[in-house]
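Examining the three-dimensional arrangement
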Amino acid sequence: MFAESISQIFVFTKIAIDRHARLCIMRLEESVLKRIECMRVIAVANNKGGVGKTTTAINLTAFLAKQKKKVLLIDADSQGHSKRSFKVSTEDTPTLAELLVYDDVSFKDVIQPTCIRGVDIIPCDTTLSLAEMQLHQKKEKEYQLRTKLSGLEGYDYVIVDTTPTYTLLTTNVLVYCKELLIPTKLEGFGIEGLNSFLDIIEETNKNVGSKVNHKIELLGLVINLFDLHTKASRTVYKQIKYAFEDKVFKTKIPRNVKIDEAQIAGRLITDYCPDCAGAKAYKNLAKEVIKREVVIV
């Protein structure tokens, strides 16, 4: 009788453990699916140089990670500055260039961990310019990045830094990303340049994105080197606010020498000077990006 009771207890315990294990697996699967569905893919782009695209991309990435988000940074600017800030190397290792050009290279081959917990990177270097020339020879050349990153999962955010000129690689980024963040600054012809860039975005959505039922939406504009001490800057600011209204982020990135110093030192502002005005601004920008999400229709 005692042995029989022990046997029954064992059976019931095993059943309970099996049910608990299955429940844990189901919850894990639901968590993974939710992360895939909620993964936000943001292009940091502007067809004008000197507006702080890379600075915005790397610091936004770092501060999203500080907010407990898992982030993948993709460096699609052939200058490859991001790798220095995140302490990664492209020597003897495949990069974004190889991912785009070689069929047997997958995203798993090019993702590297970084010095920041919660941040991975797909780096690049000057070979990306050569790769883009080869990209022109491929079928469906505008969709290569989208195809090669199909199946990517496990991240809350994917941030893509871009080149300062509109190229085939830019088209690839826009057809992959779901949201567009435009860094800009207050200078002459600023509003004309922004309108011109948005016209290009609209044409890309219409002529390229529509073929794969894709449309990138404007997440917002962030103003870098914010300074209203001149009449010209105040005029441009009013024009941008009037034209884009609530699409202009409330957070403005001020002129801050510590940001420049951090870049020269090859460090992120998060650890170089976390209490400076620039660091606080990027922290607020990250929080605002988390709260703000475009509705894809």
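Let me begin by describing the structure that accompanies this report.

Cut-offs used in this document
Residues numbered from 1 in each chain as written. Predicted model: local features only at pLDDT ≥ 70, side-chain atom pairs only at ≥ 80, totals over all residues. Heavy atoms only, no water. Salt bridge = Lys/Arg side-chain N within 4 Å of Asp/Glu carboxyl O. Helix = DSSP H or I, 4+ residues; strand = E, 2+ residues; numbered from the N terminus. Buried < 20%, exposed > 50% of the residue type's maximum accessible area, 1.4 Å probe, protein only. Contact = heavy atoms within 4.5 Å. Polar contact = N/O pair within 3.5 Å; in protein donor to acceptor, adjacent residues only side chain to side chain. 1 Å grid on protein atoms, 1.4 Å probe; cavity = no way out; pocket = protein on both sides within 12 Å on 5 of 7 lines; lining within 4 Å. Points joined across faces, edges and corners; volume = space filled by probe spheres on them. Nonpolar A, V, L, I, M, F, W, Y, C, P; charged D, E, K, R; others polar.

**Focus on the pattern of salt bridges**
Summed over all chains, the structure comprises ten salt bridges. Note that K70 and D120 form a salt bridge whose closest N and O atoms lie 3.5 Å from each other. With K70 in the loop between α2 (53-66) and β2 (71-75) and D120 in strand β4 (residues 119-122), this pair connects stretches of sequence that are 50 residues apart. Overall, the relative accessible area of 26% leaves K70 in the partly exposed class. Across the pair R255 and D227 runs a salt bridge, and its minimum N-O distance is 3.7 Å. Of this pair, R255 sits in the loop between α10 (231-244) and α11 (257-264) while D227 sits in the loop between β7 (217-223) and α10, placing them 28 residues apart in sequence. Taking the relative accessible area as the measure of exposure, D227 reaches 24% and is therefore partly exposed. Beyond isolated ion pairs, a larger network of salt bridges with shared partners links K48, K185 and E187.

**Focus: the environment of T170**
Along the polypeptide, T170 turns up in helix α8 (residues 168-176). Overall, T170 belongs to the buried group, its relative accessible area being 5%. Residues T170 and N46, 124 residues apart in the sequence, show an inter-C-alpha distance of 9.9 Å. Non-local contacts of T170, meaning those with residues more than four positions away in its chain, are made with T163 and T165. In this structure the side chain of T170 is engaged in a polar contact, spanning 3.2 Å, whose partner is the backbone oxygen of T165.

**Quick notes on unusual backbone geometry**
Positioned with a positive phi, K68 is a non-glycine residue whose angle comes to about 70 degrees. Inspection of the secondary structure puts K68 in the loop between α2 and β2. Of the residues examined, K68 reaches a relative accessible area of 76% and is grouped as exposed. Its identity is not glycine, yet E245 carries a phi of approximately 45 degrees, on the positive side.

**Things to note about the layout of surface pockets**
For the largest pocket, the calculated volume is near 540 Å³. Surrounding the largest pocket, 27 residues form its lining, G52, K53, T54, T55 and Q263 being those nearest its centre. At the level of elements, α2, α3 (82-85) and α11 are the ones that each hand at least two residues to the lining of the largest pocket. By residue class, the composition of the lining of the largest pocket is nine nonpolar, twelve polar and six charged.

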